[in-house]
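Listed below, chain by chain, are the residues.
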Amino acid sequence: MGVLFSAPQYEFQLIRQEWEQRFNELCAHGVFVGGAPVKEFEKHFASFLDVKGVAGVGNGTDALFLALKALEIGKGDEVITATNTFIATVEAIHHTGATPVLVDCERDSYLIDLDQVKANVTSRTKAIIPVHLYGQMVDIDEFVQWAADKGIFIVEDCAQAAGAHLNGKYAGSIGSIGCFSFYPDKNLGAIGDGGAISSNHPELLSGFRKLRNHGGELKYIHEFPGFNSRLDPLQALVLDLKLKYLNEWSERRRENAGIYSENLSNVEGVIVPKHRGDESHVFHLYVIRVEEDRRDALKKHLQKKGILTAIQYPTAVHQTPAFQHLGYGRGAFPVSEEYAQQILSLPMSIALSKADIEYVCDEIRSYMGTN
Ligand SMILES: Cc1ncc(COP(=O)(O)O)c(C=O)c1O
């Protein structure tokens, strides 16, 4: 019995027929960049998130980078984010010329420690990027007001949290800008690269739309030097079809997480993720911690049994060669550094059956010696 880590191919099969029909229409029409599919998806996703607008881009990294550019962030500015994130969050800051200021995560939730964020604000802080990591939202409702009073923008990194909502608000509808990745294994995944931003601020949306399209919303009207990063219409078709299922699929992921937690919470040496138990978690990933240096051996054991797992992420950003120049040494962020040695992402997708999850749990239990 084999268990895949994620299953974008399974999701695609569910929409394939409809997608092919719309793909054929697109081919007959011949508009292969932009066009109606992108506009339709942007409109539907904005209405899903209950925001004024959504603008598609080539990928989630560009969404973050261009969001910061739309906020006119650059050299001399500081942007605060978590060190336990995918490197793209910090790359986006770096490429604007601003200085990334990193902070640790909270124990157990893995989410950015907002007290540390507050402690690191300086007169140069222009923005804060809370990362809704693993599918769980950082509770930023009050924090957004706190930051606004100081003139600091909040850019939500929603790459892993499409469909998560807290206090009646979706991830991506709370800060100044929300940034999404549609990488295929994301909760709302394309069949290639894709990304978008969401915002309630028309001037930011308009600035962003110019940035993604050579500095102008209209062809050959270039107001400033921009970039070329557009959401592909073939991807927009997939995303538009999948969006209808997003809430249902999030529920499936939460059910899967519940089965994992039920089966693993009493296994010695394994720590299951703590969360609010509500819809603010869409379980992009189900991440356990394995104590006593046994994580890598457990991973190998599971692989031998046909169970694919992953580590998100094996190195906190401040310890990667790419960002060692920031000068945070070993021990700067003890929680993230400790967790990087312990975390293990178990298979998570809507393709998993209860039997699949129980098989994974049985193998973990037997390896950890409590069977
Ligand atoms: C937290 C986070 N931010 C940003 C990104 C970047 O998205 P993309 O791969 O679409 O560029 C990812 C993608 O994995 C991510 O997980």
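Procedures and definitions
Residues numbered from 1 in each chain as written. Predicted model: local features only at pLDDT ≥ 70, side-chain atom pairs only at ≥ 80, totals over all residues. Heavy atoms only, no water. Core = buried A, V, L, I, M, F, W, Y, C linked by side-chain atoms within 4.5 Å. Buried < 20%, exposed > 50% of the residue type's maximum accessible area, 1.4 Å probe, protein only. Domains from an automatic or database assignment. Contact = heavy atoms within 4.5 Å. Pairing = 2+ DSSP bridges. Helix = DSSP H or I, 4+ residues; strand = E, 2+ residues; numbered from the N terminus. Axes fitted to C-alpha atoms, helices over the stretch in contact; angles between N-to-C directions. Buried area = accessible area lost by both parts, 1.4 Å probe. Salt bridge = Lys/Arg side-chain N within 4 Å of Asp/Glu carboxyl O. Polar contact = N/O pair within 3.5 Å; in protein donor to acceptor, adjacent residues only side chain to side chain. Parallel < 35°, antiparallel > 145°, perpendicular 65-115°, else oblique. Left-handed = near helix turned anticlockwise from the far one by under 90°. Nonpolar A, V, L, I, M, F, W, Y, C, P; charged D, E, K, R; others polar. Right-handed = clockwise from strand over helix to strand, strands pointing away.

Where an unreviewed UniProt entry is consulted, the chain appears under the name DegT/DnrJ/EryC1/StrS family aminotransferase, with the organism given as Paenibacillus cucumis.

A. Quick peek at the nonpolar core. Core analysis: the largest hydrophobic core is formed by 82 residues, its most contacted members being Phe 45, Phe 182, Leu 264 and Ile 364. Two domains share this core, each providing at least three of its residues, namely domain 1 (8-101 + 112-243) and domain 2 (246-368). Dropping the residues within four chain positions of it, Ile 364 is found in contact with Leu 264, Val 270, Ile 288, Leu 298, Leu 302 and Leu 346. Ranked by size, the runner-up nonpolar core spans 25 residues in total, among them Val 57, Phe 65, Ala 70 and Ile 73.

B. Here's a closer look at the sheet that holds strand E10 (residues 270-271). Read across the open sheet, the three strands follow the order E10-E11-E12; overall the sheet is antiparallel. One side of each edge strand has no neighbouring strand; the edge strands of this open sheet are E10 and strand E12 (343-346). Sheet topology note: the strand E11 (residues 286-290)/E12 ladder contains four bridges and is antiparallel. Following the sheet pairing, Arg 289 is matched in E12 by Ile 343. Across the sheet, helix H10 (residues 295-304) touches E11 and E12, and the angle it forms with E12 is around 20°.

C. Structural view of the domain arrangement of the chain. Each assigned domain of the chain is listed here: domain 1 (8-101 + 112-243) and domain 2 (246-368). For domain 1 and domain 2, the distance between their C-alpha centres works out to 25 Å. With both chains or domains summed, domain 1 and domain 2 bury close to 2900 Å², and 60% of this area falls on carbon and sulfur atoms. The largest per-residue losses of area from domain 1 upon contact with domain 2 belong to Thr 83, Tyr 134 and Asn 187, which jointly make up 27% of the total buried on that side. Viewed at the interface, domain 2 and domain 1 are joined by zero salt bridges. At the boundary of domain 1 with domain 2, the tally comes to 16 residue pairs in polar contact (both at pLDDT 80 or more).

D. Inspection of the packing of helix H9 (residues 246-264) against helix H12 (residues 354-368) at higher detail. At a closest axis distance of 10 Å, the pairing of H9 and H12 adopts a crossing angle of 30°. It follows from the interaxial angle that H9 and H12 lie roughly parallel. Remark: the crossing between H9 and H12 carries right-handed chirality. In this structure, H9 contributes Asn 256, Ile 259, Tyr 260, Asn 263 and Leu 264 to the contact, and H12 contributes Lys 354, Ile 357, Glu 358, Val 360, Cys 361, Ile 364 and Arg 365. Residue composition of the contact of H9 with H12, by class: seven nonpolar, two polar and three charged.

E. Seen up close, the pairing of strand E5 (residues 153-157). With four of its five residues buried, E5 lies for the most part within the structure. Sheet analysis places strand E4 (residues 125-129) next to E5, joined by two bridges and oriented parallel. Within E5, the position partnered with Ile 128 by the bridge is Ile 154. This β-α-β element, E4 to helix H6 (residues 141-149) to E5, shows right-handed connectivity.

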